[in-house]
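Structural overview for review
Residue-level listing of the chains:
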Amino acid sequence: MTREPESSFSTVSSSFVLDWLGALQGLCEPDQFASLLARSGIPCGNKVPLGRVTLEQMVRLYQLAAVETGDEMMGLWSRPIRARALQHLLTSVRESTSLSSALYRFSTFWNLLLDDYRFELSDAEDSITLCLLPRSNTHAQRFGHMLILKLAHGILSWLARREVALERVEFAFERPSFEEDYAVIFPAPVTFSAPATSIRFSKASLGPVNTRSTDDLDRFLENAPRDWLFTRSQEHRQSLRVRAYLNQSGWQDANLAGAAKALNMTPRTLIRKLDADGTSFQAIKDGLRRDIAIRRLQIGDASIEAIAQDVGFSSAASFHKAFHRWTGATPSSYRQRHLS
């Protein structure tokens with residue numbers, strides 16, 4: 001069965017958003033913070049998010065919090081980023097003639113606003129690297145570093161009318177326990193404990209800018225960050241290529257041999273490549289089932305028995321057991337928590 005685009009139901013671990021919630025909590029009264037989470041559909045226990053977090057939940061929280069806190073970066077940087085900053089940034093970059101010049105405009109814009117960091121462009125023979133450098137001895141805010149690099153990538157992709165290829169993303173903070181979540185954000189290898197946070201583009205991928213109208217700009221702002229936060233590319237990791245294959249296959253064909261054949265390699269080679277990604281075929285399959293089930297439960301448009309069948313389980317009982325293992329909740333309690 002062909003399903004909707006995989007990025008629409010990708011999820012990240014709750015740990016991935018903890019830095020964001022911590023920064024946001026510092027801007028809000030307790031009641032306001034609880035209200036933002038509730039309206040975003042993110043359930044919390046003792047101020048810690050429960051289970052997985054979906055793209056739609058992140059989008060809703062971003063859109064609500066950016067407006068209600070008066071800070072479009074929601075406490076992620078030392079200086080508040082006031083309303084309409086993103087609009088002015090887009091107005092500036094869409095006047096660029098090339099993606100490389102748009103990247104320069106992006107860096108100069110943020111250098112006017114950020115107090116604790118500055119952007120620097122490094123121009124090599126075959127690549128351009130955007131580096132985020134501290135102005136003083138400051139703690140790297142992991143979610144803030146991720147979001148601003150992803151914004152650069154998202155804006156370039158918007159101007160190109162395609163997802164611009166990346167060569168590498170590096171972060172100045174230590175490797176987190178939720179390392180695998182970065183694979184659904186960036187279409188490139190991601191490394192940690194680097195001298196500086198940076199994102200590197202091949203010059204071959206940075207062509208001319210495609211004209212964007214005022215209506216295009218308004219839609220980008222209205223949808224932000226839905227259209228650019230999660231990557232649509234599966235090319236940079238074998239695990240995402242397998243996940244994309246499974247998403248387009250019926251569960252009866254969802255086996256290692258079929259995936260290996262579709263990717264033009266032997267099963268043994270695929271096992272070795274997935275091991276290098278730190279995963280396995282079964283883990284990828286279970287992750288896809290989990291994320292499809294989470295989305296179906298949040299939408300609330302199908303019975304639990306139908307969802308169990310849709311994600312390839314022979315019985316609702318076996319689905320209940322697996323879902324509890326994935327999320328710590330039963331399907332019915334998870335649905336009730338997210339629809340209440």
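1. With respect to empty space enclosed by the protein
Take a probe with the size of a water molecule and roll it over the atoms, and the empty space left behind shows itself. For the coordinates displayed, the defined rule picks out four cavities of 30 Å³ or more. Empty space within the largest cavity amounts to approximately 80 Å³. If you trace the largest cavity, you find it lined by Tyr62, Glu72, Met73, Ile81, Ala85, Leu86, Trp110, Leu147, Leu151 and Trp228. Among the elements of the structure, helix 4 (85-93) and helix 6 (142-160) are those that each provide at least two residues to the lining of the largest cavity. Looking at the lining of the largest cavity residue by residue, the classes come out as nine nonpolar, no polar and one charged.

2. Observations concerning the packing of helix 1 (residues 18-25) against helix 3 (residues 55-68)
Between helix 1 and helix 3, the shortest axis-to-axis distance is 13 Å and the interhelical angle comes to 20 degrees. Here helix 1 is positioned roughly parallel relative to helix 3, judged by the angle of their axes. Every pair of crossing elements has a handedness; the one defined by helix 1 and helix 3 is left-handed. Between helix 1 and helix 3, the contacting residues are Trp20, Leu21 and Leu24 on the first element and Met58, Leu61, Tyr62 and Ala65 on the second. Broken down by class, the residue content of the contact of helix 1 with helix 3 amounts to seven nonpolar, no polar and no charged.

3. Observations regarding the side chain of arginine 212
Considering the arrangement of structural elements, one finds arginine 212 in the loop between strand 9 (197-202) and helix 7 (214-223). Within polar-contact distance, the side chain of arginine 212 engages the backbone oxygen of tryptophan 158 at 2.8 Å. With near-sequence residues (within four places) excluded, arginine 212 lies in contact with Arg94, Trp158, Leu159 and Arg161.

4. A closer look at helix 11 (residues 281-299)
Across its 19 residues, helix 11 extends 27 Å between first and last C-alpha, which sits within 8% of the 27 Å expected from 1.5 Å per residue. The buried count for helix 11 comes to 15 of 19 residues, which makes it a mostly enclosed element. Immediately beyond the C-terminal end of helix 11, within one or two residues, lies glycine 300, with a positive phi of roughly 75 degrees.

5. Quick word on helix 10 (residues 267-276)
The complete set of buried residues in helix 10 reads Thr269, Leu270 and Leu274. Taken end-on, helix 10 shows its buried residues confined to a sector of 130 degrees, consistent with a single buried face. Exposed side chains of helix 10 directed beyond 90 degrees from the buried face belong to Arg268, Arg272, Asp275 and Ala276. Contacts from the buried residues of helix 10 go to helix 8 (238-247), helix 9 (256-262) and helix 11. In the stretch just after helix 10, glycine 278 is the one whose phi turns positive, near 75 degrees.

6. Some remarks on the packing of aromatic side chains
Per the counting criterion, the structure on display carries 22 aromatic pairs. Taken together, a centroid distance of 5.3 Å and an interplanar angle of 70 degrees make the contact between tyrosine 182 and phenylalanine 192 edge-to-face. Here tyrosine 182 is found in the loop between strand 7 (168-170) and strand 8 (190-191), whereas its partner phenylalanine 192 is found in the loop between strand 8 and strand 9, with ten residues between them in sequence. Of the two residues, tyrosine 182 and phenylalanine 192, both sit in the buried class. These aromatic residues form a ring-pair network of at least three members: Phe16, Trp20, Phe143, Phe171, Phe173, Phe178, Tyr182, Phe186 and Phe192. Positioned above the aromatic ring of phenylalanine 313 is the side chain of arginine 289, whose terminal nitrogen or guanidinium carbon lies 4.2 Å from the ring centre.

7. Some remarks on the pattern of salt bridges
Across all of its chains, the model carries 15 salt bridges by this definition. Between arginine 118 and glutamate 120 there is a salt bridge, with its nearest N and O atoms 3.0 Å apart. The exposure class of glutamate 120 is partly exposed, given its relative accessible area of 37%. Between aspartate 216 and arginine 161 there is a salt bridge; the shortest N-O distance is 3.5 Å. Placement of aspartate 216 in helix 7 and of arginine 161 in the loop between helix 6 and strand 7 is noted, with a sequence separation of 55 residues between them. Judged by relative accessible area, which is 46%, arginine 161 ranks as partly exposed. One salt-bridge network, held together by shared partners, links Arg161, Arg212, Asp216 and Arg219.

8. Describing the nonpolar core
Soluble globular proteins tend to bury their nonpolar side chains together. Judged by nonpolar contacts, the single largest core of 77 residues is most densely connected at Trp110 and Phe186. Sequence-distant contacts of tryptophan 110, that is, excluding residues within four places in its chain, are made with Met73, Ile81, Leu89, Phe119, Ile148 and Leu151.

9. As for unusual backbone geometry
Between alanine 224 and proline 225 the backbone carries a cis peptide bond, its omega angle lying at 0 degrees. Turning to its location among the elements, proline 225 is positioned in the loop between helix 7 and helix 8. Despite not being glycine, arginine 161 shows a phi value in the positive range, around 60 degrees. Despite not being glycine, serine 193 has its phi angle at roughly 55 degrees, a positive value. Secondary-structure assignment places serine 193 in the loop between strand 8 and strand 9.

Definitions and limits used
- Residues numbered from 1 in each chain as written.
- Predicted model: local features only at pLDDT ≥ 70, side-chain atom pairs only at ≥ 80, totals over all residues.
- Heavy atoms only, no water.
- 1 Å grid on protein atoms, 1.4 Å probe; cavity = no way out; pocket = protein on both sides within 12 Å on 5 of 7 lines; lining within 4 Å.
- Points joined across faces, edges and corners; volume = space filled by probe spheres on them.
- Helix = DSSP H or I, 4+ residues; strand = E, 2+ residues; numbered from the N terminus.
- Nonpolar A, V, L, I, M, F, W, Y, C, P; charged D, E, K, R; others polar.
- Axes fitted to C-alpha atoms, helices over the stretch in contact; angles between N-to-C directions.
- Parallel < 35°, antiparallel > 145°, perpendicular 65-115°, else oblique.
- Left-handed = near helix turned anticlockwise from the far one by under 90°.
- Contact = heavy atoms within 4.5 Å.
- Polar contact = N/O pair within 3.5 Å; in protein donor to acceptor, adjacent residues only side chain to side chain.
- Expected span 1.5 Å × (residues − 1).
- Buried < 20%, exposed > 50% of the residue type's maximum accessible area, 1.4 Å probe, protein only.
- Arc of directions from axis to C-beta.
- Phe/Tyr/Trp six-rings, centres within 6.5 Å; stacked < 30°, edge-to-face > 60°.
- Lys NZ or Arg CZ within 6 Å of the ring centre and 35° of its normal.
- Salt bridge = Lys/Arg side-chain N within 4 Å of Asp/Glu carboxyl O.
- Core = buried A, V, L, I, M, F, W, Y, C linked by side-chain atoms within 4.5 Å.

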